[in-house]
Amino acid sequence: MFDGLIAFGHSLASFATLESLFYVALSSLVGLVIGALPGLTATMGLTLMTTMTIKLPPNLALLILICTYVGAIYGGSRSAILLNIPGTPASAAACLDGHALARQGLAGRAMGIATSGSVLGTLMGMVFLAWFTPVLGELALKFGAYEFFWLALFGVIISGTLTGNDPLKGWIAGIAGLFVAGIGQEAIYAYERFTFGTRELAGGIGLVPALVGAFGLAELLVAMKDRQVPVKINPFDSVIPKFVDIARHWRTIIRSGLIGTFVGIVPGVGEDVAAWSSYAAARRASKEPEKFGKGSIDGLMAAETGDNACVPGAVIPVLTLAIPGSAPAAVLLAAMLIHGVRPGPLIMVEAPQFVYDVVAMMLFATLGILVYGLTLTRFMIRVLQVPQTIIVPIILVLCAIGTFALSARLFDVWVMVGFGLIGFVLRSFGYPMAPLVLGIVLGDLLEKNLRRGLVLSDGDLMPFFTRPISAVLAALIVLIIAMRSEHVRALLRRLQGKRVHEHSA
Amino acid sequence: MSADVARVTPRADLIGGIGWVVFGSAIVAGALAMDRFESFGATLHTMPGLVPGILGGVIVLLGVLLSIRALRAGALAGFSAPWLPDAKGRASLIRASIATALALVYTLGLVGHVWFPAASALFILAFIMVFDISPEAPRSLGRRAAIAAIVAIATSAVVSLVFERVFLVRLP
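It should be emphasised that the depicted structure is a prediction, and the values quoted were computed from it without experimental measurement. (Residues numbered from 1 in each chain as written. Chains lettered and ligands numbered in written order. Predicted model: local features only at pLDDT ≥ 70, side-chain atom pairs only at ≥ 80, totals over all residues.)

Take the overall build of chain A next. A tally of helices and strands in chain A yields 23 helices and two strands. What you see for chain A is a C-alpha radius of gyration of 22 Å, in line with the 23 Å of a compact globule of 505 residues. Projected onto its principal axes, the C-alpha coordinates of chain A cover approximately 75 × 70 × 55 Å. Out of the 505 residues belonging to chain A, those deemed buried represent 61%. Partitioning the contacts of chain A with sequence separation of at least 6, the portion at a separation of at least 24 is 78%. (Helix = DSSP H or I, 4+ residues; strand = E, 2+ residues; numbered from the N terminus. Rg over C-alpha atoms; globule rule 2.2 N^0.38 Å. Buried ≥ 20, exposed ≤ 12 C-beta atoms within 10 Å, placed from the backbone. Contact = placed C-beta atoms within 7 Å.)

Across its full length, chain B carries five helices and zero strands. Counted from the first residue to the last, chain B has its helices and strands arranged as α-α-α-α-α. Relative to the globule expectation of 16 Å for 172 residues, the C-alpha radius of gyration of chain B, 24 Å, shows a markedly less compact shape. Across its three principal axes, chain B shows a C-alpha extent of roughly 65 × 50 × 25 Å. Within the span of chain B, comprising 172 residues, buried residues form 33% of the whole. Residue pairs at least 24 apart in sequence account for 66% of intrachain contacts in chain B once pairs closer than 6 positions are excluded.

This part is about the packing of helix H6 (residues 107-140) of chain A against helix H13 (residues 297-321) of chain A. Residue and element names in this part refer to chain A. Interaxial distance between H6 and H13 falls to 6 Å at its minimum, and their mutual angle equals 25°. Considered as vectors, H6 and H13 are oriented roughly parallel to each other. Crossing hand, H6 versus H13: right-handed. Looking at the contact of H6 with H13 residue by residue, the classes come out as 22 nonpolar, 12 polar and one charged. (Axes fitted to C-alpha atoms, helices over the stretch in contact; angles between N-to-C directions. Parallel < 35°, antiparallel > 145°, perpendicular 65-115°, else oblique. Left-handed = near helix turned anticlockwise from the far one by under 90°. Nonpolar A, V, L, I, M, F, W, Y, C, P; charged D, E, K, R; others polar.)

Further remarks concern the domain arrangement of chain B. Examined at the domain level, chain B breaks down into domain 1 (2-80) and domain 2 (87-166). Between the C-alpha centres of domain 1 of chain B and domain 2 of chain B the distance comes to 38 Å. (Domains from an automatic or database assignment.)

Residues and elements named next belong to chain A. Entries for chain A in the domain assignment read domain 1 (2-463) and domain 2 (467-505). Taking only C-alpha atoms, the centre of domain 1 and the centre of domain 2 are 32 Å apart. Contact with domain 1, which involves 13 residues of that partner, is made by 10 residues of domain 2. Of the residues in the side of domain 1 that touches domain 2, the class split is 10 nonpolar, one polar and two charged.

With that settled, consider the confidence of the model for chain A. A residue-level look at chain A finds 98% of positions with pLDDT of 70 or above and a mean pLDDT of 90. The spread of mean pLDDT over the elements of chain A runs between helix H23 (residues 486-504) of chain A, the lowest at 75, and helix H8 (residues 167-181) of chain A, the highest at 96. (pLDDT = per-residue confidence, 0-100.)

Below, the discussion takes up the nonpolar core. Burial of nonpolar side chains together is a common tendency in soluble globular proteins. Residue and element names in this part refer to chain A. Counting residues in each nonpolar core, the largest one holds 220 residues, and the members touching the most others are Ile-66, Leu-332 and Val-437. Considering every element that reaches this core, the biggest residue donor is helix H4 (residues 58-83), with 15 residues. If we skip the residues at most four places from it in the chain, Val-437 touches Gly-177, Leu-211, Ala-214, Ala-327 and Ala-330. (Core = buried A, V, L, I, M, F, W, Y, C linked by C-beta atoms within 7 Å.)

Before going further, it helps to examine the interface of chain B and chain A. If you look at the interface, chain B gives 61 residues, while chain A gives 61 residues. Mapped onto the side of chain B that touches chain A, the elements with two or more residues apiece are helix H1 (10-32), helix H2 (50-72), helix H3 (87-110), helix H4 (116-130) and helix H5 (141-166) of chain B. Here the element with the most residues in the side of chain B that touches chain A is H2(B); it accounts for 10 residues. Broken down by class, the residue content of the side of chain B that touches chain A amounts to 42 nonpolar, 12 polar and seven charged.

Residue and element names in this part refer to chain A. As a packed pair, H4 and H6 sit with axes 10 Å apart at the nearest point and diverge in direction by 160°. Taken together, the axis directions place H4 and H6 in an arrangement best described as roughly antiparallel. The handedness of the crossing between H4 and H6 is right-handed. Only Ala-107, Ala-110, Met-111, Ala-114, Ser-118 and Thr-122 of H6 make contact with H4, whose side of the interface consists of Val-70, Tyr-74, Ser-77, Arg-78, Ile-81 and Leu-82.

The next point concerns the environment of A:Leu46. Residue and element names in this part refer to chain A. Looking at the secondary structure, you find Leu-46 in helix H3 (residues 42-52). Residue Leu-46 is classed as buried on the basis of its 27 C-beta neighbours within 10 Å. Those residues in contact with Leu-46 that sit more than four places away from it in its chain are Leu-65, Thr-68, Tyr-69, Pro-328, Val-331 and Leu-332.

What follows concerns unusual backbone geometry. Residues and elements named next belong to chain A. Phi at Asn-84 takes a positive value of approximately 65°, unusual for a residue other than glycine. Among the secondary structure elements, Asn-84 is positioned in the loop between H4 and helix H5 (92-103). Exposure remark for Asn-84: the 15 C-beta atoms within 10 Å place this residue in the partly exposed category. Positive phi outside glycine occurs at Phe-194, with the angle close to 50°.

Attention shifts here to the environment of A:Glu447. With respect to the helices and strands, the residue A:Glu447 is situated in helix H20 (residues 434-456). As for A:Glu447 and A:Glu186, which are separated by 261 residues in sequence, their C-alpha atoms are 9.3 Å apart. Setting aside chain neighbours within four positions, we find A:Glu447 in contact with A:Gly182 and B:Val51.

Residue and element names in this part refer to chain B. Per-chain confidence: chain B averages 87 in pLDDT, with 91% of residues scoring 70 or above. Considering only residues more than four positions removed or in separate chains, one finds that residues 1-5, a stretch of pLDDT under 50, has 14 contacts. Across the interface, the model reports ipTM at 0.90; the global pTM reads 0.87.

Here it is as structure tokens:
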């Protein structure tokens, strides 16, 4: 306990330099702006910032990425409240009550609630990050090849199920992502797969160029589909959070913080699910559920606390299992690998200080959103009024140069463009992007551990199903898939009906 | 983002499902054609084609399921419906196509072939000129050109300088 606090103190001290604070201020602002602009998501912000921080020392680069991540998730609430357009998918739940409050002339109060919810949510998640990471790290030491195979598959399947609105398409996107990760030389015989004789493909598809394409370029093209609606801002009151709003809703804050963190820990399930789950739980627990959707402070507080608590939650499996808890966390994982940080079960053995560094980064990011949340109202309104047709080409230029900057290869720019077009087409046909990203990130882990497991068991599949953790994960995957089947659901409904009938008889 | 929950017709899903079946089959065929390294003592579970083959098979299966679902939802009846979208959909398609074309010309045609700051400035200028600057009140051509030129030159200069001098990246 005290060792952890001392380590955390060291981490805080290491970031208390002018250079670090400058980067905190800059990246929180960048995150806030990206999050607030409709059409640009946290994942996109992180991919873009990954390309720009490639030359920085690992700790500074990751500090920037975490501040961008936290800032973007918080920033989404600005456009949700002021424009009724979620800046990121995570703020869709905040639209319902946030904009309803804005229409009543209470946009300032709504922004204050969003600020307090986001700050408290991130802080709660941060506490769990510091507390759970060593515990989960200990548990992860028991994971072998079999468990890691199932965990990678679980991440893709659960992400496919819960992100987007069509699990079948989510699974297809996830499996396609897993396939993409396998392009290039495989690990045992260095055999080139699906490279078509292209030298550049032998090393595989670059993770970051693919992510910049699927999330950067594709998002820009989708954003250009619709003509931007004129921005009309209602007059609003003070954005300083009211103590009474926090004190009256402390139960909602704690509940949503817990839900958000837990949803974050579940591999592949992101901030949007955290916000909706927290919102739904708050509605169920509320004495005034009829106010939800009509300007409920409880609802807005729940959504904003939940999605921001999910951010540190999503980083927990990144650190302990090298499995991302959300799509932006997948980019964070990729960035850690690029910078030579090796997350995984051994992190508490090899680099325990790094875990507390990440906790400290979260604290600085929280301070960043708090300061900007209280001060930058007029600036954010000006940002929201900048025409999309000016923002889109600027970001596209950043996507191109950022991708090129990774390793000075034009081929990476082509990969980015290719994935941008694929991502655009897939989005247009209703395929969610998060499972695709998870698949690309987890493909290598899945393949290596499947083949390693099979070599260890000499081709016997039984250890994949008989080891306790493996069995649980396998059963969960089967359950998740089975529950989406109409036949299974009909069977369950019939069984339920029969039970009710027997009870009434 | 809202596009993640785009509304898609059963007809489009059927075409998508068939596309996935073809794609998955190609993967399986590619996996089967891979070297099996039997002379190196490779067994089934160490062969390079194992995982791509399995994934290809799963994609085929999911593609079939998607196609069946689309057929049940009346995909075949939908084939007689117009293939072109309505006026609003057409406008969206045109905007996205123009944006895609400009992005392709910039990333594949200009970047790496033309001096980067000039290529970027040209792209930004063209992009802003093609699309309306203000959704509320489209400005005159001259004013639009002036704003576009300022944004294009300022952005390309700042981005180039930051990447070249601060991030120490050789520009494409």
